[in-house]
Amino acid sequence: MNKFSLLLLVLIAAIPTSAHLSAQTIVPPPPLTETFFGETVSKKTAQDIVLKQMNFVSSRKAYPASLAVIQKHEKTIREAARKYGVPEDVAIGVGLLENGGSETAKSPSGALGVFQLMPGTARSLGLTVNSKMDERRDPAKNIDAGMRYLALNYYRFGDWGLATWAYHAGEGNVAKALKLYAQANHGVNLPGIKNPEVTRSYVEKHGITIHKLLSSSAVKTLTKKLNDDSAGYPYKVLATSTLFAQGGNGVIKPPFKPNKAEASVRAGVIVVSGTKRL
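Residues numbered from 1 in each chain as written. Predicted model: local features only at pLDDT ≥ 70, side-chain atom pairs only at ≥ 80, totals over all residues. Heavy atoms only, no water.

K.L.:
Which residues make up unusual backbone geometry, and what values go with them?
P.N.:
The residue Asp228 is not glycine, and still its phi comes out positive at about 60°. With respect to the helices, strands and loops of the structure, Asp228 is situated in the loop between helix H13 (217-223) and helix H14 (233-245). The exposed category is assigned to Asp228, whose relative accessible area is 65%. For Asp229, which is not glycine, the phi torsion reads 50° and is therefore positive. Considering the arrangement of structural elements, one finds Asp229 in the loop between H13 and H14. The partly exposed category is assigned to Asp229, whose relative accessible area is 45%. (Helix = DSSP H or I, 4+ residues; strand = E, 2+ residues; numbered from the N terminus. Buried < 20%, exposed > 50% of the residue type's maximum accessible area, 1.4 Å probe, protein only.)

The structure is reproduced here in structure tokens:
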């Protein structure tokens, strides 16, 4: 067992699982909603934000093709998520948002594969990326590396909302955001990613959620400089996770006339035919 595997042992405490129930079971919304928003944000506020992002991500041109890729590899994604202690809703949400519509899609920035790994990130996770071979093109290896990257970021920050944002913004920017927040709100000088124990302790002590962090005026000075609506990324992951749980369907356009599934989201539940996703 290598050093990374030993570090991941701390993540195995609570792994979300799937339980098969009868058809049309009413289940709670993804548990990461509360993780991302915290207990002080109203359900209506959280739901409105998620619904807005559901409209956005499901209207993207590549969305149907991306959905097909994640549905094809759902079993592999869930198995890898359980292997590394990643919540399955996070895994599915990140995959559906990241994927560019194929197993080998390459972004303008150079990210490639099912989980859109950058070359440097892939190499740091043990994949071979050079002019002769690019293991990011292997769906199983790409998915496994994506789950390890999420798990590693959870080890760094101790919160799945922060770990999710780090997948897009990079762990360095999340560490900078936490440093700005800690200085502005508590006069604390965090050491950054070099000392994850101190960072995790601060996050736990002060109940830092990704929504609380991104809502901070001190942190907005950083996020305004980042590209691709970086601050919206965690909310888009909530949206893609919710869409996938509903079967991947639905652009909700005003005036809002909800069907049964959409009304369930408004009411704080999701109707899933045949499967309960915890």
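K.L.:
Lay out helix H3 (residues 43-58) in plain terms, naming residues and giving numbers.
P.N.:
With 16 residues, H3 should cover 22 Å at 1.5 Å per step; its first-to-last C-alpha distance of 22 Å lies within 8% of that length. When H3 is considered as a whole, its buried residues turn out to be Ala46, Gln47, Val50, Leu51, Gln53, Met54, Val57 and Ser58. (Expected span 1.5 Å × (residues − 1).)

K.L.:
Can you tell me about the pattern of salt bridges, naming the residues and giving the values?
P.N.:
On inspection of all chains with the given rule, the structure shows 11 salt bridges. Measuring nitrogen to oxygen at the nearest pair gives 3.5 Å for the salt bridge that ties Asp144 to Lys83. With Asp144 in helix H8 (residues 139-157) and Lys83 in helix H5 (residues 74-84), this pair connects stretches of sequence that are 61 residues apart. Among the residues examined, Asp144 registers a relative accessible area of 18% and is labelled buried. With its nearest N and O atoms 2.9 Å apart, the salt bridge here joins Arg148 to Asp144. With a gap of four residues between them, Arg148 and Asp144 both fall in helix H8, about one helical turn apart. For the residue pair Arg148 and Asp144, the accessibility class agrees, reading buried in each case. (Salt bridge = Lys/Arg side-chain N within 4 Å of Asp/Glu carboxyl O.)

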